Structure formats: C-alpha cells, structure tokens
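Here are the chains, one letter per residue:
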Amino acid sequence: MSLITGVAQRLAMRLPGVLGVMLGASLLVSATLRLVPGDPITLILGEQATEADRSRLEDRLGLNSSFGEQYLRFLRDVGTGELESFRSDTPVFESIGQALPQTLILSVFALLLSATLGLSLGIAAALNRGTWIDACALFFASLGLATPRIWLGPMLLLVFAVQWDLFPVGGNEGWRSLVLPVLSLGTAMAAMLARMTRSSLLEVLGMDYVRTARAKGLSERVVVGRHALRNALIPVITILGLQLGSLLAGAVVTEKIFNWPGIGTLLLKSIQTMDFPMVQGCILVIAGTYVLTNLMVDIVYELVDPRMKT
Amino acid sequence: MNLLLKIGLTGLGLMVFAAIFGPLIAPFTPSHMDITRELLPPGDGSVLGTGVNGIDVFSWVLHGAGVSLTVGLSVVTVSLSIGLLMGTTAGYFGGRFDFALMRVIDVLLAFPGILLAIYIAAVLPPSLTNVVLALSATGWVGYARLVRGQVLQVREMEYVQACRAMGMRAPRIIIRHILPNIAGPVLVHGSFGLGGAILGEAALSFLGLGVAPGTPSWGALLDDGAQYLLVAPHLAIAPGLAILIAVLSFNFLGDGLRDHLDVRS
C-alpha cells in the first residue's frame, strides 16, 4: 500500500468523527450565549442601553429567534465564511486568517525547542540515572513544569529585554522578537517531555532485548541509539503531537505578555470589545486547528508504527 | 510517608495557614489604597512594595492565598462531584448514557487547555463564582474519564459480582464497594487538579477574565506586574513565586500520593 492511499484511507475513516466533533463544538460555542446565566446583551451594551439598541443586537446575535434558527444561521455564516465582526468591517475569518499564521509560527518553534531540549535532557538523565546530571535534569523539569507561563514570560522580559536589552519587549520585529515568546511557551512542554523521555527510556533499558543487544557485544551507542531509543520515543512522540494543540491555548497567554499579533491577541481584544462573532470564530478556529493536528498526528503515528494498524 | 508527600503536605499546610491567618498577619486589607504611594519598591513601610493605586503587595499576596485555595478547592469539589456521578453511571451501566457521555466528552476535548474556560469566562461578568463555573465546566471531564475507566475495571471483579448475586442494588454497590476501591487514582488526580485549578484561576485573572477587580488574586496582581514591568519590576515577582510554590506543592502532593498509594499512572 502506498503512503498516499494509506493516508487517504485513514482520513476517510476518521473524517466523520472529526466533523461530528466540530459540529458539536460549534453547537457548544453557539449555545453558551444562551446557557450561561446572565444576559449577554446587557454585558455588551451596559445597563443604560435603549430598547431599540437592545433589540437590534438581539437580532444580530440571533437571540430573539429560536435556538435552532440561531444555530443554523451561525453554522451557515461559519460555513460560508461570512461571519461578520461587530466592531470592524473585515470579516471574522479574514482577520483570523491574518493572525493564525503568527500563532502557528510561535507554536511550531516552541514545539521544536521543547522537543530538542526535552529529549536531550530526558536522555541525558536516563543514561546517567542516579547521578547529579539526573538530579539536575529532574529538578529543572519539576521547576519548568510548575512555573506558570504568566510568570515566566514577564520574568524573561524583565531579565533579557529590560535589564540586558538583548531582545525587543514586544511585537513582531523579526527573529529576535521570537526568542522570548518561544522560550516562555515551550519551557513547560520541554520539562514534561524530559520527564517522559527519562521514564520511558529507563523502562526500555530494562527490557530483555536491550540486554540481548548488550550481550552480543554491540557498542553502547548502538544499543541506546538504535535499539532502546526508537522504542522509548513512541509514547513521547504521541504526547508531543497532542501537546501541539495545547500550545495553541498557551499561546493566548504568551501573546498577551509579548504583544504578539496572533490569534490569542485577537481573541482577547475581541473579548474586551465584546465582539462576540469574532470571539466565537477565534475559539472555533483554535479548536479546529487542535482537532486537525491531533488527527494528523494519529495518522502519521499509525503509518510509522506498524503495531498501531487496525 | 515519602519525601514528596511531606513536601506537598507542608506546602498545603502553609497555604491553609496563609488563607486562615493571612488576613490577621497582613498589615493592610486588600481594599486599602493610597495613591500617594503608588508602585513603590520594597522597603519604607511595605515589605514587598506597593502596587497600582498604592495597594500593599505583601497584604495582597497573603490574602491571595485564600482566594487561590477557595477557587482550587471549589473547582475540585464541583468537578469531582460531576465527574464521579457521570463516570460511575457511565462505567457501571454502560449503554446509551455511556455512549452519549463519551460523545459530549469528545466535543469538550476539542478545546485545548483553558480555551473553553476563557470563552465561558468571557461571556460571564467577572466574579469568583464564575471563575469556578468556567474552570469546572471543563475540569469535570478528566475525572469522568478516569472514574469511568476505573469503574469499568472494577465492575467485573468477583466481589462486585458477588454483591450483585446477593441482590444488592446498584447505588449501594457503587457507593459501598466500587468507590472505595477507585479512591486512590481519583485522589491523586484531585491533588494535581488543585494545582491546575489554581493555575487556571491565575491565568484567567491575568487575562482580565477572572475575579472581579479589587479581589486579591495572584493572577490579577501578576497582570499589573506585567504591565508595569519597566516602572515597578518588583510587582511581578511575589505573586508569581506564590503561584509557583502553590503549584509545585500540589504537584509534589500528587506525585507523593501516587507513590504512597502505589497508583499506576
């Protein structure tokens, strides 16, 4: 079976499920306006709004029609890409289309950083189990995991942008602007990957086939590199894929700190201006990107690991 | 008792202590303002300096322990209750309810991290209760999945079958015989959840979607700190350290409990 048909087959198999989930997600996003206690109209317009303004907004949000109608209209607008912003003339998905690549750049670089850092720390720790290298790696991993992004970001800014003036304080002015946000976004994940790689590699190193490889006189390099590591990395790679999506959520916080012009900043700005269609669009696009990434990771994973074939 | 558990429990004790006695120790109330003493560095009558509107940072951080702990415990209680109810029902009875629950969970898992909480918090006015609501709306999913999986395993055990054979009713079997046997993993998940909820509240408040203005939240203070980084760098350090210590303690507590109860992850 060629690679392309393999991918296509799996895509076809999984697509209905993914579509179902996204329909459910859009239903939830649309319904939340009605489900939550409180009145979104008052929230947007304030207490002193005139009755005319209120009913106009109610009409735009579809809150004066039945929920079914409201949802269908929302779905149609999302489907045709005609969802309109409250506050700007640019359609919702056009604004998102401009912001999303910025967020993806941030997330992909954070992923690369955490993979490089996390794997090397984890491998170093496992191969030097019980030594000070192991202890240091574990310490940094625990610290990195518990350090909140909302704190790490400002601290990085304080040290590297304010005190030492090595990097810009915010915005996107070329690659130097990328360094601090990527560090702030990727550290927690690097820490998690380091812990996972360590425990996974330690488990594999105790297996019989590793002992066999050693017994037949292979060099430690080959034993670890060719036999142990390959199997140890399987669970790590799964997590790596799943985490790309959570980087998207973490990007919201990171983008605020570094004033990065991505979808997180767009989302927060829209929340501040109560631009609900834009907020809903952002939430759905982030969720969609997450779901699609997970789908791709699953498919690649199945193709790479023959045992996963169903 | 292992070292991790001891560290975790110490951290928890410290936080409970700060939450109960913090208001007595703190030199000022959270609402105390003095605009003549805005954004001052530590020293000169305020241990950790002052913040926006001249609030006393030390007093805020102490009062913040109570806010964080309240949110953390409330979110875990609400999520755990919903998760237990849903997870045991789905796991024990299976069938249509189980199918429907799993589809709902699929949909909720389409929103990464605290994204859905951000959305819910955005359509609600800022308040402590609404933060708990937003974080619990997604928080229960983890418990429900865990409990369901555990119940599925325990359900087929001989002692459960024996109960059934004796004609015991399902609710009694679940409460008396299944729940005690799945308590370990749930407890471990809960202690990690406590740290997660504290982190979630801080993040929401940092984004301006959390507690009402004037509530002494670590996240809100950190938000001020990030905004006045150039003028008042001291502002961001204390609340961030507080969050770090709290989350680290609860992670240690979870790790320690896992080892202590010999729970396999």
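Fair warning: this is a prediction, and the values are worked out from it, not measured in the lab. (Residues numbered from 1 in each chain as written. Chains lettered and ligands numbered in written order. Predicted model: local features only at pLDDT ≥ 70, side-chain atom pairs only at ≥ 80, totals over all residues.)

Trainee: Help me out: how do you make sense of the overall build of chain B in this one?
Mentor: Looking only at helices and strands, chain B has nine helices and zero strands in total. Principal-axis analysis of the C-alpha atoms gives chain B an extent of 75 × 45 × 25 Å. Counting the 265 residues in chain B, one finds 50% classified as buried. A fraction of 70% describes how many contacts in chain B between residues 6 or more apart in sequence connect residues 24 or more apart. (Helix = DSSP H or I, 4+ residues; strand = E, 2+ residues; numbered from the N terminus. Buried ≥ 20, exposed ≤ 12 C-beta atoms within 10 Å, placed from the backbone. Contact = placed C-beta atoms within 7 Å.)

Trainee: Explain the nonpolar core to me, please; I cannot follow it from the model alone.
Mentor: In globular proteins that are soluble, nonpolar side chains generally tend to be buried together. Among the nonpolar cores identified, the biggest contains 156 residues, and Cys282 and Ala287 of chain A together with Leu115, Ala117, Ile118, Tyr119 and Ala121 of chain B are the most heavily contacted of them. Ranked by residues supplied to this core, first place goes to helix 2 (residues 57–93) of chain B with 16 residues. When sequence neighbours within four positions are dropped, the list of residues in contact with leucine 115 of chain B reads Ala249, Ile283, Ile286 and Ala287 of chain A. (Core = buried A, V, L, I, M, F, W, Y, C linked by C-beta atoms within 7 Å.)

Trainee: What is the right way to look at the packing of helix 7 (residues 149–163) of chain A against helix 8 (residues 175–205) of chain A in this model?
Mentor: Geometrically, a packed helix pair is captured by the angle between its two axes and the distance between the axes. Residue and element names in this part refer to chain A. Interaxial distance between helix 7 and helix 8 falls to 9 Å at its minimum, and their mutual angle equals 145 degrees. As for how helix 7 packs across helix 8, the hand of that crossing is right-handed. Facing helix 7, whose interface residues are Arg149, Leu152, Gly153, Leu156, Leu157, Phe160 and Ala161, helix 8 presents Leu180, Leu183, Ser184, Leu185, Thr187 and Ala188. Here the residues of the contact of helix 7 with helix 8 sort into nine nonpolar, three polar and one charged. (Axes fitted to C-alpha atoms, helices over the stretch in contact; angles between N-to-C directions. Left-handed = near helix turned anticlockwise from the far one by under 90°. Nonpolar A, V, L, I, M, F, W, Y, C, P; charged D, E, K, R; others polar.)

Trainee: Help me understand the interface of chain B and chain A in this model?
Mentor: Where the parts come together, the accessible area they lose is often given as the size of the interface. With 35 residues of chain B at the contact, the number on the chain A side is 41 residues. Of all the elements, helix 9 (residues 234–261) of chain B adds the most residues to the side of chain B that touches chain A, at seven residues.

Trainee: Honestly, the environment of valine 78 of chain B in this entry has me stumped. Any pointers?
Mentor: Here valine 78 of chain B shows up in helix 2. Separated by 168 residues in the primary sequence, valine 78 of chain B and alanine 246 of chain B have C-alpha atoms spaced 20 Å apart.

Trainee: In this structure, what is going on with the confidence of the model for chain B? I would like to understand it.
Mentor: Detailed reading of the predicted coordinates is not advisable wherever pLDDT is low. All names here are of chain B. Looking at chain B, the pLDDT average stands at 89 and 99% of residues meet or exceed 70. Per-element mean pLDDT across chain B ranges from 89 in helix 9 up to 94 in helix 2. The complex model carries a pTM of 0.89, and its ipTM stands at 0.88. (pLDDT = per-residue confidence, 0-100.)

Trainee: Where do I start with helix 6 (residues 158–165) of chain B in this structure?
Mentor: Along an α-helix, residues three or four apart share an orientation, since each turn contains 3.6 residues. The element helix 6 of chain B is barely covered by neighbouring structure, given that only zero of its eight residues are classed as buried. With its phi angle positive at about 85 degrees, glycine 167 of chain B sits one or two positions after the end of helix 6 of chain B.

Trainee: So what exactly am I meant to see when it comes to the environment of valine 291 of chain A here?
Mentor: Within the element layout of this structure, valine 291 of chain A appears in helix 12 (residues 276–304). The buried category is assigned to valine 291 of chain A, around which 22 C-beta atoms lie within 10 Å. Once the C-alpha coordinates of valine 291 of chain A and valine 21 of chain A are considered, the two residues, 270 residues apart in sequence, prove to be 8.5 Å apart. With near-sequence residues (within four places) excluded, valine 291 of chain A lies in contact with Val18, Val21 and Met22 of chain A together with Ala110 of chain B.

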